[in-house]
Amino acid sequence: MKLDNETKCKVHIRWMDDADLPEVLAIEADSFETECPIFSDPGEEEWRPVMGFYDYEVSSHGRVRSMDRQRITPHPRNAKVQHVRSLRGCLLTPTPDKNGYLEVTLRRNGTSVKRKVAHLVLEVFVGPRPGGAQACHFPDKTVSSNCVSNLRWGNAKDNRRDQDIHKTSPVGERHWNARLSQEQVDKIRRRLLRGDRQVDIAADMCVRPQVINHIAKGRTWAVAYARPGTPWREEEFIRCLEQPSCKGMVAEHEDRVVGFMIYELNKTQIQVLNFATAADCFRKGVGAQMLSKLIRKLSAKRRTEITVKICETNLPAQLFFRDAGFRVVSILRDEYDETPEDAYLMRYRFRPKQTGHQTLPPKELAR
Ligand SMILES: CC(C)(COP(=O)(O)OP(=O)(O)OC[C@H]1O[C@@H](n2cnc3c(N)ncnc32)[C@H](O)[C@@H]1OP(=O)(O)O)[C@@H](O)C(=O)NCCC(=O)NCCS
């Protein structure tokens, strides 16, 4: 499912007060229980001519078609006479190369050229291929998913980072050297949570203690995407909001609270401490509107950046913040008590030349 702009919900944002707490607590609890799907928007299909092969068109959905055209060939017996053949355009059927990347064969001046569909889409809708760049598929890792919204030019490092986020990098059972199965790892996790010593678990499982240590730290055998950890309790919200430097905002839609954000104002930066939207309002623009409001609080003279810590397996939140212009600046090891996963520190920086409405996230500007 994909929501278009008409289904986005316009919210009213105001300060949070005590009366909002029951609704905020319900959203907080729900946000840990609801799995947030990842999807990218193919948008409306748009066809454009393929660069250098003007008998063909490529679409923003990653399809390639040939156009109605005439092919002129010399007559087989009389070279002075030319044969004109009318060819009807049709949709090309791509074939996967040895790595699964879809390719099509295009003809020009009697010669055939094999081209990767992802490259055609990027060249036409994004721009020429920068030197040494590769086509990166994100957020849908399927290499045959060639929608323009799922593609970007990147380098090998970007591709590896995407693989890490998608968990398609050779970790866990996918690793050529994996000694354990997912089932055994789940068992190890349960024992770690019970507080069993890592050396004892290693001895029982016949592996080196380091293997157990890496599992405990979440460096190997990473788990599925859902908001990890435990929800804040009422006391935590109250304690936080009592601090003069902490602020809470809520987003209201039709007299109902559909999102909240708690943040801390430091001397030169703002730190987002907790942030969620109601599960039935995911992907309706509620989060983006709250974040825009926060971004507008930045200024060149005072607070110049916003930071947020996101658990490494919380892919929806990473994509949300990335979409808003945040970038990962560091990895925080052993950040959480309740889960062994690391956190990404993501940061948004005030851009001095882009003042006023231009401080909004790039996507907001495009809308
Ligand atoms: C993260 C969260 C706040 C995002 O709020 P939201 O209201 O669903 O997000 P928006 O609808 O404003 O999304 C804005 C953009 O972010 C990106 N995005 C958001 N959720 C996404 C998802 N699940 N998959 C892919 N992209 C996503 C999209 O680019 C989206 O724009 P688009 O819908 O026009 O393509 C929400 O998913 C949530 O409450 N998650 C649980 C709580 C949490 O993890 N909080 C973060 C830790 S503090």
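Since we're looking at a predicted model, the values are computed, not measured.

Some words on unusual backbone geometry
For step 1, the next point in the chain: Positioned with a positive phi, Glu254 is a non-glycine residue whose angle comes to about 50 degrees.
For step 2, the next point in the chain: Mapped onto the secondary structure, Glu254 falls in the loop between strand E12 (246-253) and strand E13 (256-265).
For step 3, the next point in the chain: In this structure Glu254 comes out as exposed when scored by C-beta crowding, with 8 C-beta atoms within 10 Å.
For step 4, the next point in the chain: Backbone geometry at Asp255 places phi at a positive 60 degrees, although glycine is not the residue there.
For step 5, the next point in the chain: Looking at the element boundaries, Asp255 is found in the loop between E12 and E13.

Some points on the sheet that holds strand E4 (residues 64-66)
For step 1, the next point in the chain: Here three strands make up an open sheet; going across it, the order is E2-E3-E4 and the pairing antiparallel. Edge positions in the sheet fall to strand E2 (47-50) and E4, since each has one partner strand and no second. This sheet shows a mean twist of 35 degrees between the axes of neighbouring strands, independent of strand direction.
For step 2, the next point in the chain: Sheet analysis places strand E3 (residues 53-59) next to E4, joined by three bridges and oriented antiparallel. Bridged to Tyr56 within E4 is Ser66.

A few points about the sheet that holds strand E16 (residues 327-332)
For step 1, the next point in the chain: Read from one edge to the other, the open sheet built from seven strands follows the order E1-E12-E13-E14-E15-E17-E16, with strand pairing classed as mixed. Looking along the sheet, the strands with just one partner apiece sit at the ends: strand E1 (12-15) and E16. Across the sheet, the mean angle from the axis of one strand to that of its neighbour is 30 degrees, orientation sign disregarded.
For step 2, the next point in the chain: Helix H8 (residues 286-295) rests against E1, E12, E13, strand E14 (269-277), strand E15 (305-311) and strand E17 (343-349) of the sheet, and its axis sits at about 35 degrees to E13.

Examining the confidence of the model for the protein chain
For step 1, the next point in the chain: The predicted model of the protein chain has a mean per-residue pLDDT of 82, with 81% of residues at 70 or higher.
For step 2, the next point in the chain: pLDDT under 50 marks residues 362-367. Its contacts with residues more than four places away, or in other chains, come to six contacts.

Cut-offs used in this document
- Residues numbered from 1 in each chain as written.
- Predicted model: local features only at pLDDT ≥ 70, side-chain atom pairs only at ≥ 80, totals over all residues.
- Helix = DSSP H or I, 4+ residues; strand = E, 2+ residues; numbered from the N terminus.
- Buried ≥ 20, exposed ≤ 12 C-beta atoms within 10 Å, placed from the backbone.
- Pairing = 2+ DSSP bridges.
- Axes fitted to C-alpha atoms, helices over the stretch in contact; angles between N-to-C directions.
- Contact = placed C-beta atoms within 7 Å.
- pLDDT = per-residue confidence, 0-100.

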